[in-house]
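Analysis of the macromolecular model
Spelled out from the first residue to the last, the chains are:
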Amino acid sequence: MTALPANPEAAATLRSPLSRAKVGMACLIFMESAIFSAFLVTYLYYIGKSPDGPQPLECLELGLVLVNSACLISSSFTVVISVRALARGAMGAFRFWLALTILLGIEFLVGTGYEWWGLIEDKGLTLQSNAFGTNFYSLVGLHAFHVIVGMLMLVVILVLSIFGFIRPDRDHQRVDVATWYWHFVDVVWILVFTLVYIVGRVPQGAPAS
Amino acid sequence: MQWAISVDHKKLALMYIGAGLCFFLVAGLEAAFMRLQLARAENDVIDPETFNQLFTMHGTTMVFLVGMPILLGFGNYLIPLMVGARDMAFPRLNAFGFWLFIFGGLLLYFSYLGADGLYGAGTAPDVGWFAYAPLTSRTFSRGNSTDYWILGIMVSGFGSMTTAINFIATILCMRCPGMTLMRMPMIGWMMLVVAFLVLVAIPILTGAQIMLLLDRTLGAHFFDPETQGSAILWQHLFWFFGHPEVYILILPAFGFVSEIMPTFSRKVLFGYPLMVAATVGIGFISLGVWAHHMFVVGLGPVLDSFFGATTFLISVPTGIKIFNWLGTMWGGRLHFTTPMLFVTGFVAMFVIGGLTGIMLATVPLTWQLSDSYFVVGHFHYVLFGGTVFGIFGAIFYWFPKATGRLLDERLGKWTFWLLFIGFTLTFMPMHVSGALGMPRRIYTYEADRGWEIWNLISSIGVPVQMAGVAIFLWNAIRALRRGPVAGDDPWDAWTLEWGTTSPPPEWNFDRIPTCTSARPLWDRKNPEDPDAYYE
Ligand code: HEM
Ligand SMILES: [Cu+2]
């Protein structure tokens, strides 16, 4: 690992208006979307094709999940406010809104865990019970996993800023790019929610043709 | 150690290519054992279980551990040099991707030792490279061999995805001053489209593999028809990945041809803009043809015709490229050096493979030919005659740049002709045995079917190819030890990598180059008649 020789011209490579970080993050999000589309399409494929065992209509209730969704979606706004604060150099506000974002994310995860607990204990729906259970836990679980990853990024940023490693002038664009991932996780949730809790709750059990 | 901790794109690239060549030898050996078994009817050198493992490991290795890493390795080596940058956009991510690939490959091969845990060795995956359900379910695939297949490919797949991100960011953000996208060397466009395809296709395979892993380990019901799962769904997901994958394997080789052919024809690449359009077109259309691998499933006339039609459609941009290469050679001063021989061979072999592909896209014909040796013939013409010939051409072309030494031309020509003849002997007769009804993936066959002579010829071709590879290895070792010094620009070429020393310094260029046309070195060598004048 040898460092590049100091060269005033090194900056000249960066002729393009596009920044590497932005392009890299956009590619990452693109790739993650492809993984999600495999699971979303599979979910769609199996809607109505799971005649035995617990059914979506009797298992899934909207109450808790709407609260969870509201938290996750509002966290997209809080994170924007936080980045704006960073751009202004208001570190206190930046940390406050970032911490709030993380808390909202934690609520989402805890809420999802509580919902799963109820499904497993009361409704008897597990990964193994039928195609619906398989798809439900895989898709929602994959999303929850991404929430965790996105949250870890935010936590790292928060910790770095508490220890004074984040400087508004230098870092606010980087932090901004990192929060793209959080917005992505949100948008995917809207798709997952629509598919699982709205489209997928059609009555099932019609004999598969 | 210098190499193990390196984040230099050139070192990583050479390690990619070196590791890929090692896997190439292993997978070639696996193929040689299969041809030994099939050389005569009712042979019993290799038992059926081992034969299944051999073709699975051969196919999986060649696609994921030979083709991908070598081609991505060339991308890694060439992109920064050819666009005039000092390194990739994310050098550490680059190293991470490389080590993921190595780890994935080792994980896959570890299955030979311990896929049954402590119960016994010799249990490599045996479900075929496309691992159809329900053969992969717990019921039919016991032990852990299929899990090794899943995890090994998944891990190396993550490596490919990080590399693709790097390619895109480098190409879009790091081109030197003056290098617009339309002045970028053709290989840059090819790698850009390949990176895009990697980001679309590999995640789908990863997703499907996660599902399969859930099926196998946690009792989920994605693909097992006994428990409401769908085996067809696996095929859709796999081939949605699988067909773009074959283009991931061929587009970089198209790039090699598009760089090497102009140099040795002493002309510019014919029809550059059309070539760009064709490449982008292939990238998009290749996402919509996957079910041509599923014509015998019984998808129904509508889907069959749709996917037949899109497959025909994709041969149009592919044909455009062929004509552009012919146009490049037309009227040029041709120098048939070894790299030029390989890329010329590439064009010829690829045309044959493309034509058999079009035959296979004809639904009623495929009902007869699918899963026969004819298909094996088809894809080896495109993958061996195409991708592997392209890789050899690229090795002979860029070896002097990477090492500072020239490979021996006489030995190089021996390699080419032995490979070419051996390849034709092995794969041409497969079209005949396939048309005569010989199914693929059988470990033996009866004597009275008229297949013996064709199989014998196929097997005879193997030692010929091995000789070619052996001569190549010797040539490379000899050149590294005491090859003639290459100089910066042994081929009198026009792209930026030849404007720096051989091998290039770690920072590639002392001064970041600038360019005013698609052939910056031409402009530098002929200031009285620069290309910029005609652009
Ligand atoms: C004009 C272009 C091409 C056409 C029309 C075409 C068409 C086809 C069709 C219809 C099949 C399915 C045959 C069957 O299973 O019944 C097939 C199989 C295959 N093709 Fe192509 N192909 C083309 C180019 C390529 C290229 C460029 C590659 C790779 C570099 C490739 C690699 C393969 C492989 C690996 C298989 C077999 C997969 C398997 O069953 O294991 N093809 N092709
Ligand atoms: Cu295909």
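Here's a quick rundown of the structure. (Residues numbered from 1 in each chain as written. Chains lettered and ligands numbered in written order. Predicted model: local features only at pLDDT ≥ 70, side-chain atom pairs only at ≥ 80, totals over all residues. Heavy atoms only, no water.)

At the interface, 40 residues of chain B touch 41 residues of chain A. Across the chain B/chain A interface, buried area totals approximately 3500 Å², and carbon plus sulfur atoms make up 70% of it. Ranking the residues of chain B by area buried against chain A places B:Arg86, B:Cys173 and B:Gln228 at the top, with a combined share of 18%. Linking chain B with chain A are 0 salt bridges. If you look at where chain B meets chain A, you find 9 residue pairs in polar contact (both at pLDDT 80 or more). (Contact = heavy atoms within 4.5 Å. Buried area = accessible area lost by both parts, 1.4 Å probe. Salt bridge = Lys/Arg side-chain N within 4 Å of Asp/Glu carboxyl O. Polar contact = N/O pair within 3.5 Å; in protein donor to acceptor, adjacent residues only side chain to side chain.)

To continue, consider a nonpolar patch on the surface. Residues and elements named next belong to chain A. A contiguous nonpolar surface patch, about 650 Å² in accessible area, is contributed by Val155, Val156, Val159, Leu160, Ile162, Phe163 and Phe165. Mapped onto the elements of the fold, Val159 is located in helix α5 (residues 131-162). The exposure class assigned to Val159 is partly exposed, which follows from its relative accessible area of 38%. (Patch = residues over 30% accessible without salt bridge, like charges linked within 9 Å, V, L, I, M, F, W, Y side chains within 5 Å. Areas by Shrake-Rupley, 256 points an atom, 1.4 Å probe, with all protein chains shown as cover. Helix = DSSP H or I, 4+ residues; strand = E, 2+ residues; numbered from the N terminus. Buried < 20%, exposed > 50% of the residue type's maximum accessible area, 1.4 Å probe, protein only.)

Bringing the pattern of salt bridges into the picture now. All names here are of chain B. Considering all chains together, one arrives at 15 salt bridges over all chains under this definition. A salt bridge links Arg440 to Asp371, with the nearest nitrogen and oxygen atoms 3.9 Å apart. Taken together, the residues Arg440 in the loop between α12 (409-435) and α13 (452-482) and Asp371 in the loop between α10 (363-369) and α11 (373-403) connect sequence positions 69 residues apart. Through salt bridges with shared partners, a single ionic network connects Arg266, Asp489, Asp492 and Lys525.

There is one protein donor for the iron atom of ligand 1, and it is B:His378 (NE2), at 2.2 Å. For the pair the iron atom of ligand 1 and the copper ion (ligand 2), the metal-to-metal distance amounts to 4.5 Å. (Donors = N, O, S within 2.8 Å, 3.2 Å for Na, K, Ca; no water.)

Turning to the site of ligand 1, a few remarks are in order. All names here are of chain B. Around ligand 1 sit 24 residues, and of these Trp129, Ser370, His378, Phe379 and Arg440 come closest. Side-chain polar atom of Ser370 to an oxygen atom of ligand 1: 2.8 Å apart, as the coordinates give it. One nitrogen or oxygen atom from the side chain of His378 is found 2.8 Å from a nitrogen atom belonging to ligand 1. Elements represented by at least two residues in the shell around ligand 1 include exactly α6 (231-265), α8 (301-329), α9 (338-360) and α11. (Near = heavy atom within 4 Å.)

Residues and elements named next belong to chain B. Closest axis-to-axis distance for the helix α5 (residues 186-218)/α6 pair is 8 Å, and the angle between their directions is 160 degrees. With respect to each other, α5 and α6 are oriented roughly antiparallel. For α5 against α6, the interelement crossing comes out left-handed. By residue class, the composition of the contact of α5 with α6 is 28 nonpolar, 3 polar and 2 charged. (Axes fitted to C-alpha atoms, helices over the stretch in contact; angles between N-to-C directions. Parallel < 35°, antiparallel > 145°, perpendicular 65-115°, else oblique. Left-handed = near helix turned anticlockwise from the far one by under 90°. Nonpolar A, V, L, I, M, F, W, Y, C, P; charged D, E, K, R; others polar.)

With that settled, the discussion passes to the nonpolar core. Judged by nonpolar contacts, the single largest core of 228 residues is most densely connected at A:Phe136, B:Phe74, B:Phe256, B:Trp325, B:Phe346 and B:Trp398. With 22 residues, the top contributor of residues to this core is α5(B). With sequence-adjacent residues up to four places away left out, B:Phe256 is seen in contact with B:Leu71, B:Phe74, B:Ile187, B:Gly390, B:Ile391, B:Ala394 and B:Trp398. (Core = buried A, V, L, I, M, F, W, Y, C linked by side-chain atoms within 4.5 Å.)

Before going further, it helps to examine the environment of B:Val297. All names here are of chain B. Mapped onto the secondary structure, Val297 falls in the loop between α7 (272-285) and α8. Val297 sits 65 residues away from Ile232 along the chain, and the two C-alpha atoms are 8.1 Å apart. Not counting the four nearest positions on each side in its chain, Val297 is found in contact with Ile232 and Gln235.

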